[in-house]
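The chain contents come next:
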Amino acid sequence: MKINEGESGAAGHAERGPIDASRIPRFAGPPTFALLPRRDEVTHCDVAVVGVPFDSGTSYRPGARFGPAAVRQGSRLLRPWHPGLQVAPFGVQQVADAGDIACNPFDIKEAIDQIEAGATALLTSAGHLLAIGGDHTIAYPLLCATRQRFGPLALVHFDAHLDTWQTYFGAPLTHGTPFRRAAEDGLFLNGHSMHIGIRGPLYAPSDLTEDAELGFQIISAMDVGRTGIDGVAAAIRAQVGDRPVYLSIDIDVLDPAHAPGTGTPEAGGLTSRELLGILRGLAGTRLVGADVVEVSPAYDHAEMTAVAAAHICYELLALMALRG
Ligand code: MN
Ligand code: MN
């Protein structure tokens, strides 16, 4: 395999960048994220991209276990230079694909332990993780591993749903409960976390009051429309300040018109341009870890959800390259 050494002309801390697309077309080459090297092909790793193919915590349409493979496929067209942020995300830092964390599809508790152990092991030799789900259950063990490494976190959570419910059918660990479990475990800094893009019907008004009691601020999808990209980004920056930030992005924060391939679709969501713009507005914040979850490719059309998720991952890698 022909590898383009030092792909970027920028600061260039990367040992190896993606394959050279002028020599190997992007539809060929390795099945890694953005045609990057595998984790075992580089000695140093600033950011490990890792798949977490787990969807046994799903409450409605299943299939997010196939998300990591779909997002990798959707990432083949990503290019080395980010003009909006003036950075080479694969050039100024070493990004590598660490493969998937294998976890038990029949036992949620065991899977969570395996995901936390897998993430913790990766963080012993990689600076940061960008995880690709999988359903939103995986955010809980990823937050546990990230908290262990970086201390209490400011969570910035993009989603149509709060994901702070108490239990579902009596089960404490599902894709609708990760942030309540994480808050109970004291993983978050008090008063610096928020949800963005919340919309759709709830079970009761207490869903919102209980969420507020856990310390979350909400910017709803309607608020995003009224406030605009720059206003939302400013509000997030004000909420997190210079604290360590974990970004968790449920692809269903996007409108089903932009991301139909997901398990729990809700009308009235963000456009992909709004989401990419808000993320871009977070340049300079201290992003220590992130996940992009709930891509369920069986419901996708023409890879539109997988491509949107791949571009979100690219923005996150650019933010990590510019970390404050
Ligand atoms: Mn979610
Ligand atoms: Mn959701």
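Residues numbered from 1 in each chain as written. Chains lettered and ligands numbered in written order. Predicted model: local features only at pLDDT ≥ 70, side-chain atom pairs only at ≥ 80, totals over all residues. Heavy atoms only, no water.

Visitor: Summarise the coordination of the manganese ion (ligand 2); cite the residues concerned and give the values.
Guide: Around the manganese ion (ligand 2), the donor atoms from the protein are D159 (OD), H161 (ND1), D250 (OD), D252 (OD) and D252 (OD), and they sit 2.0 to 2.6 Å away. The sequence motif formed by the donor residues of the manganese ion (ligand 2) is D-x1-H-x88-D-x1-D. The metal-metal distance between the manganese ion (ligand 2) and the manganese ion (ligand 1) comes to 3.2 Å, with D159 coordinating both. A residue pair is termed long-range when its members are at least 10 positions apart, and H161 in the loop between β4 (154-158) and α4 (178-184) and D252 in the loop between β7 (244-250) and α7 (272-280) qualify at 91 residues. A residue is classified by how much of its surface remains accessible, and H161, at 12% relative accessible area, is buried. (Donors = N, O, S within 2.8 Å, 3.2 Å for Na, K, Ca; no water. Helix = DSSP H or I, 4+ residues; strand = E, 2+ residues; numbered from the N terminus. Buried < 20%, exposed > 50% of the residue type's maximum accessible area, 1.4 Å probe, protein only.)

Visitor: So, the coordination of the manganese ion (ligand 1): which residues are in play, and what are the values?
Guide: On the protein side, the manganese ion (ligand 1) has H136 (ND1), D159 (OD), D163 (OD) and D250 (OD) as donor atoms, found 2.1 to 2.2 Å from it. When the donor residues of the manganese ion (ligand 1) are listed from N- to C-terminus, their spacing reads H-x22-D-x3-D-x86-D.

Visitor: Describe the sheet that holds strand β1 (residues 45-52), with residues and values.
Guide: Strand order across the open sheet formed by eight strands is β2-β1-β3-β8-β7-β4-β5-β6, with parallel pairing between neighbours. Here the strands that pair on one side only, and so sit at the sheet edges, are β2 (95-100) and β6 (216-220). For this sheet, the mean inter-axis angle between neighbouring strands, taken without regard to orientation, is 20 degrees. Pairing of β4 with β7, which is carried by five bridges, proceeds in the parallel orientation. In the sheet register, V156 faces β7, and the bridge partner there is L247. Contacts between helix α8 (residues 304-321) and the sheet are confined to β1, β2, β3 (126-133), β7 and β8 (286-293), with β8 contributing the most and set at about 170 degrees to the helix. (Pairing = 2+ DSSP bridges. Axes fitted to C-alpha atoms, helices over the stretch in contact; angles between N-to-C directions. Contact = heavy atoms within 4.5 Å.)

Visitor: Mind laying out the pattern of salt bridges, listing which residues take part and the relevant values?
Guide: Where charged atoms from two side chains of opposite charge come close, those side chains can pair. All chains considered together, the criterion is met by eleven salt bridges. When the shortest N-O distance is used, the salt bridge between D20 and R23 registers 2.9 Å. The exposure class assigned to R23 is exposed, which follows from its relative accessible area of 55%. Linked through salt bridges whose partners overlap, the residues forming this network are R38, D40 and E41. (Salt bridge = Lys/Arg side-chain N within 4 Å of Asp/Glu carboxyl O.)

Visitor: So what about the nonpolar core? Which residues, and what values?
Guide: The biggest cluster of nonpolar side chains holds 54 residues, and the ones touching the most others in it are F33, F158, I236, L247, I312 and L316. It is α8 that contributes the most residues to this core, eleven residues altogether. The contacts of F158, once residues within four sequence positions are left out, are I196, I236, L247, S248, I249, D250, V253, L275, I278 and L279. Membership of the second largest hydrophobic core comes to 37 residues, among which are I101, A126, L142 and L187. (Core = buried A, V, L, I, M, F, W, Y, C linked by side-chain atoms within 4.5 Å.)

Visitor: If you had to explain a nonpolar patch on the surface to someone new, which residues and values would you point to?
Guide: Side chains of Y168, F169 and Y203 sit close together on the surface and give an oily, nonpolar patch of about 440 Å² of accessible area. Along the chain, Y203 falls in the loop between β5 (193-198) and α5 (206-213). What makes Y203 exposed here is its relative accessible area of 59%. (Patch = residues over 30% accessible without salt bridge, like charges linked within 9 Å, V, L, I, M, F, W, Y side chains within 5 Å. Areas by Shrake-Rupley, 256 points an atom, 1.4 Å probe, with all protein chains shown as cover.)

Visitor: Outline the side chain of T305, listing residues and values.
Guide: Along the chain, T305 falls in helix α8. Its relative accessible area of 0% is what places T305 among the buried residues. Polar side-chain contacts of T305 include one of 2.6 Å to the side chain of D300. Beyond its immediate chain neighbours, meaning those up to four positions away, T305 contacts I251, H258, A259, P260, G261, V295 and D300. (Polar contact = N/O pair within 3.5 Å; in protein donor to acceptor, adjacent residues only side chain to side chain.)

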